[in-house]
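Okay, here's what each chain looks like letter by letter:
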Amino acid sequence: MQFEFRNNRDVWAGAMLIATGAVAIFMARNYAMGTTLRMGPGYFPTVLGGLLIVAGLYLAVMGLRRNEKIGGSWSLRALIILPLSLVLFGLLMEHAGFIPALLVLTFGSTIATTESRPLEAMLLSVGLTAFCVALFIYGLGLPYPLLASW
């Protein structure tokens, strides 16, 4: 059996989960862990990071056994628009508020594919933003400003 991992989709997905889990554990290292009954701020990210690492290891090992190749081609449009949408979301959350940030994120995520049309992307963005405002702001009471006061 020959192990080929350079073009193996499950190995790369496992590596991404392992890296994400390791970063979560690394970032939570200075927080108090607490106990299972009285969890500290570092408990959840550490446990979740550990579970991500275990899931990533399982996925990578199964990927080496199955040896499924990455199919299709990479979309340059998606590789540019998706990270840009995430960065704009972070900036707009701080400076413009929840509604503009979520509109930009959902619109950018929708138009990252060549199969979507701008009108559909806008309708989806408005609908999803309205749902998220109802759920997170009014339903859960999260303290995000809807629109920033200039």
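What you see is a predicted model, and the numbers here were worked out from it, not measured in a lab.

Here is what the cut-offs are and how they apply
- Residues numbered from 1 in each chain as written.
- Predicted model: local features only at pLDDT ≥ 70, side-chain atom pairs only at ≥ 80, totals over all residues.
- Heavy atoms only, no water.
- Helix = DSSP H or I, 4+ residues; strand = E, 2+ residues; numbered from the N terminus.
- Rg over C-alpha atoms; globule rule 2.2 N^0.38 Å.
- Buried < 20%, exposed > 50% of the residue type's maximum accessible area, 1.4 Å probe, protein only.
- Contact = heavy atoms within 4.5 Å.
- Areas by Shrake-Rupley, 256 points an atom, 1.4 Å probe, with all protein chains shown as cover.
- Lys, Arg positive; Asp, Glu negative; His and termini not counted.
- Charge placed at Lys NZ, Arg CZ, Asp CG, Glu CD.
- Phe/Tyr/Trp six-rings, centres within 6.5 Å; stacked < 30°, edge-to-face > 60°.
- Domains from an automatic or database assignment.

1. A few points about the overall build of the chain
Right, so step 1: If you tally the helices and strands in the chain, you get five helices and zero strands.
Right, so step 2: Counting from the amino terminus, helix and strand elements in the chain follow one another as α-α-α-α-α.
Right, so step 3: Here the chain has a C-alpha radius of gyration of 20 Å; the compact-globule value for 150 residues is 15 Å, and the former is much larger.
Right, so step 4: Dimensions of the chain, computed from the C-alpha atoms along their principal axes, are close to 60 × 50 × 25 Å.
Right, so step 5: Scored against the burial criterion, the 150 residues of the chain give a buried share of 24%.
Right, so step 6: Sequence separation of 24 or more characterises 63% of the internal contacts of the chain that already satisfy a separation of 6 or more.
Right, so step 7: As displayed, the chain offers around 10700 Å² of accessible surface, 72% of which is attributable to carbon and sulfur atoms.
Right, so step 8: A distance of 8 Å separates the average location of the 9 positive side-chain charges in the chain from that of its 6 negative side-chain charges.

2. Re the packing of aromatic side chains
Right, so step 1: A complete count under the given rule lists one aromatic pair for this structure.
Right, so step 2: Consider the rings of phenylalanine 98 and tyrosine 144, whose centres lie 5.9 Å apart with planes at 5°: the pair is stacked. Pair noted here: phenylalanine 98 is in helix 4 (residues 98–111) and tyrosine 144 is in the segment after helix 5 (118–139), with a separation of 46 residues, a long-range link.
Right, so step 3: Taking the relative accessible area as the measure of exposure, phenylalanine 98 reaches 6% and is therefore buried.
Right, so step 4: A residue is classified by how much of its surface remains accessible, and tyrosine 144, at 38% relative accessible area, is partly exposed.

3. Section: the domain arrangement of the chain
Right, so step 1: When cut into domains, the chain gives domain 1 (2–66) and domain 2 (76–139).
Right, so step 2: If you average the C-alpha positions of domain 1 and of domain 2, the two centres end up 27 Å apart.

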